[in-house]
Amino acid sequence: MQLQTLQMEFFGPYRNATVNFERFAKTPLFLISGNTGSGKTTIFDGLVFALYGDTSGDQRTGEELRANFATPKEKTRVTLRFHHNGHDYEIWREPAQLLAKKQGGVTSKPMNAC
């Protein structure tokens, strides 16, 4: 499997961020680095959550990775694009979350994926 992009919307500290792994297509090894608290683990959580519906460790759940600054009108979603066996795939997953209703108020949405 060759990762292409990971898009995180209102996921952890990210409002709308895309990690472009295609830049590393010819490099078999790369490093994700940064200061403490900069969101490195959240990138791994996003990858694992998109693929398996869980996070990369036992410290948090997918629901807990919803950005605390997201409003009920803003949906948390992780989208992963990758290439495998000559085919391109795109999968997205949304954690269980409270979202705004059209007529006012909020409703609880279960985890959703495609």
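We now turn to the structure provided with this report. Worth saying up front: this structure is predicted, and the values here are computed from it rather than measured.

**Overview of the environment of Leu6**
Within the element layout of this structure, Leu6 appears in strand β1 (residues 2-11). The spacing of Leu6 and Gly46 is 40 residues in sequence and 7.5 Å in space, taken between C-alpha atoms. Aside from chain neighbours lying at most four places away, what touches Leu6 is Ala17, Thr18, Val19, Phe21, Ile43, Gly46, Leu47, Val78, Thr79 and Leu80.

**Thoughts on the packing of aromatic side chains**
Between two aromatic rings, the relevant description is the distance of the centres plus the angle of the planes. Applying the stated criterion across every chain, the model contains 3 aromatic pairs. Plain terms: the ring middles of Phe11 and Phe49 are 6.0 Å apart, the flat faces sit at 35° to each other, and that makes the pair tilted. Placement of Phe11 in strand β1 and of Phe49 in helix α1 (residues 40-52) is noted, with a sequence separation of 38 residues between them. The residues Phe11 and Phe49 share a single accessibility class, namely buried. A centroid spacing of 5.3 Å and a plane angle of 25° characterise the contact between Phe82 and Tyr89, whose relative ring orientation is stacked. Using a relative accessible area of 11% as the deciding quantity, one classes Phe82 as buried. In this structure, Arg77 packs its charged tip against the face of Trp92, placed 4.0 Å from the ring centre.

**Quick notes on the side chain of Thr76**
In this structure, Thr76 sits in the loop between α1 and β3 (77-84). Taking the relative accessible area as the measure of exposure, Thr76 reaches 0% and is therefore buried. Here the side chain of Thr76 touches Phe10 through a polar contact of 2.9 Å, landing on its backbone oxygen. At a separation of 2.8 Å, a polar atom in the side chain of Thr76 contacts the side chain of Arg66. Those residues in contact with Thr76, other than ones at most four positions away along the chain, are Glu9, Phe10, Phe11, Arg66, Ala67, Glu94, Pro95 and Gln97.

**Section: the nonpolar core**
Core analysis: the largest hydrophobic core is formed by 14 residues, its most contacted members being Leu6, Met8, Phe11, Ile43, Val78 and Leu80. Broken down by secondary-structure element, the contributors of at least two residues to this core are β1, β2 (14-20), α1 and β3. Counting residues per element, this core draws most heavily on α1, which supplies 4 residues. Those residues in contact with Val78, other than ones at most four positions away along the chain, are Leu6, Gln7, Phe11, Gly46, Phe49, Ala50, Ile91, Trp92 and Arg93.

**Quick notes on the sheet that holds strand β7 (residues 112-113)**
If you walk across this open sheet you meet the 5 strands as β2-β1-β3-β4-β7, and the pairing is antiparallel. The sheet is open, and its two edges are formed by β2 and β7, each paired on a single side. By the bridge criterion, 2 bridges tie strand β4 (residues 87-94) to β7 in an arrangement that is antiparallel. Each residue of the ladder has a partner; that of Arg93, found in β7, is Ala113.

Definitions and cut-offs
- Residues numbered from 1 in each chain as written.
- Predicted model: local features only at pLDDT ≥ 70, side-chain atom pairs only at ≥ 80, totals over all residues.
- Heavy atoms only, no water.
- Helix = DSSP H or I, 4+ residues; strand = E, 2+ residues; numbered from the N terminus.
- Contact = heavy atoms within 4.5 Å.
- Phe/Tyr/Trp six-rings, centres within 6.5 Å; stacked < 30°, edge-to-face > 60°.
- Buried < 20%, exposed > 50% of the residue type's maximum accessible area, 1.4 Å probe, protein only.
- Lys NZ or Arg CZ within 6 Å of the ring centre and 35° of its normal.
- Polar contact = N/O pair within 3.5 Å; in protein donor to acceptor, adjacent residues only side chain to side chain.
- Core = buried A, V, L, I, M, F, W, Y, C linked by side-chain atoms within 4.5 Å.
- Pairing = 2+ DSSP bridges.

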